[in-house]
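One-letter residues, chain by chain:
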Amino acid sequence: DLSMRTTFRPGSGGGGGGAATAFTGAGGGGGGGGGALRVRTEGVLRLGAEGAILANGGAGGAGGHCAGGGGGGSGGAIHLVASRLEVPMGARIEARGGARGMFTSDAGVCGYRVDSADGGLGRIRLDVAECAISGVLAPALASGCEATPGAGTLERVYVGGGAEAPELARSCAELFARDATLPDAVYALDVDGEGPLGPIAAHCLMSDGGWTMIMASGGLGPDDQRAETAVRPASRTYLPLAYVQALAAISREVRIRTASDPTRMITSVPDTLAIENLRIGHVLNAGSPLDAATDDPSPLWTGPFALDASRLWHTCEQPPATMTASAYPDVFHAGCNSGGLHLRAHQSTWAVASPNEALEVLVR
């Protein structure tokens, strides 16, 4: 773990499964988050041959007819302090996420499929002078029983080396402000600080000033992706809404780009409609004044694909009040514009007539 001493708290519960209409069954309940457990001794902490210290998240419940299962609860927190830790073969120390609830109906009959997500890994910190471990740790050890260097290794057990672990940054932009030499990589972030949300595994585009990836479509529309707290390039995942809103609250810009081609990109003008919509869970263009290809997009958007409004205008579902059907994880809906950007439902394309492509969404 990277911040156990300052953010010692249980895992968050999984979200409940969705029920699209009054004719569907009840969505499955979300699994409970794993607990928070601290054990401190001046001597040796030794587990038995089948001993276990567990802070696992609970499994989500199965959905009713045509309703989604609940999300798995996130793993909790385990903090062990001892002069020596011994975990023999067969013993376990675990903070795993719970399994997602099943979608039990036939997607062909329902007309759609609603999948939830497994809970994310929890956190384990070992403050020990020495250890002997041959049992199971989940998350896994970063590098044996050696002290973990620097800020630690993502999704691995942190072994305290006598120095206080730094607090996690809330965004990739904050990480960039701390150290502009960091490479593009996956980093642990705590997007709401001391709030209830657990850490996420965020892909940070540091080479361009600290952008945080919130969706990597991999060529799939949002309906066909998974909600995960670890969004990486080509992963076909998106960050759950609560985490996105926490990031949007401390961000100013939104970027949509094709993963393999930086010339296919738009970036919102700071502190304008796109980030405001993301903060409340709307598609980015809800309430946009762009309703013709000849309109000037520059007050709202910049970038190679915002030189004109051809990909950005829409005439359907323009007022914000009618955009509620196009809410996050839908990102952009150029309604009634077949040549416009559609990152919604089963679409991930700059134009309806074009094939889906791997689009990424980032905030800063």
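The model shown is predicted, which means the values in this text are computed figures rather than measured ones.

Now for the state of the cysteines. A complete count under the given rule lists two disulfides for this structure. The disulfide bridge from Cys172 ends at Cys204, spanning 2.0 Å between sulfur atoms. Measuring handedness by torsion sign, the sulfur bridge of Cys172 and Cys204 sits at about -70° and is left-handed. In this pair, Cys172 is assigned in helix H2 (residues 172-178) and Cys204 in strand S11 (residues 200-205), connecting sequence segments 32 residues apart.

So, about the packing of aromatic side chains. Tallied over the entire structure, the rule returns three aromatic pairs. Note on Tyr238 and Tyr328: the rings are 5.9 Å apart at their centroids and 90° apart in plane angle, and the pair reads as edge-to-face. Of the two residues, Tyr238 sits in strand S15 (residues 237-238) while Tyr328 sits in the loop between strand S18 (301-302) and strand S19 (332-333), which places them 90 residues apart along the sequence. Like Tyr328, Tyr238 is buried. Ring plane angle 65° and centroid distance 6.0 Å describe the contact between Trp301 and Phe332, whose orientation is recorded as edge-to-face. Of the two residues, Trp301 sits in strand S18 while Phe332 sits in strand S19, which places them 31 residues apart along the sequence. On the basis of relative accessibility, which here comes to 5%, the residue Trp301 falls in the buried class. Between the NZ or CZ atom of Arg311 and the centre of the ring of Phe305, over which it lies, the distance is 3.6 Å.

A large share of strand S22 (residues 359-363) lies buried, amounting to five of its five residues. Residues of S22 alternate between two faces, with Leu359, Val361 and Val363 on one and Glu360 and Leu362 on the opposite face, all of them buried. Examined bridge by bridge, strand S12 (residues 211-216) and S22 share four bridges and lie antiparallel to one another. Counterpart to Ala216 in the pairing with S22 is Glu360. Judged from the five bridges that link them, strand S16 (residues 254-258) and S22 form a sheet pairing that is antiparallel. Directly across from Ile256, in S22, lies its bridge partner Val361.

Parameters and conventions
Residues numbered from 1 in each chain as written. Predicted model: local features only at pLDDT ≥ 70, side-chain atom pairs only at ≥ 80, totals over all residues. Heavy atoms only, no water. Disulfide = S-S within 2.5 Å. Helix = DSSP H or I, 4+ residues; strand = E, 2+ residues; numbered from the N terminus. Phe/Tyr/Trp six-rings, centres within 6.5 Å; stacked < 30°, edge-to-face > 60°. Buried < 20%, exposed > 50% of the residue type's maximum accessible area, 1.4 Å probe, protein only. Lys NZ or Arg CZ within 6 Å of the ring centre and 35° of its normal. Pairing = 2+ DSSP bridges.

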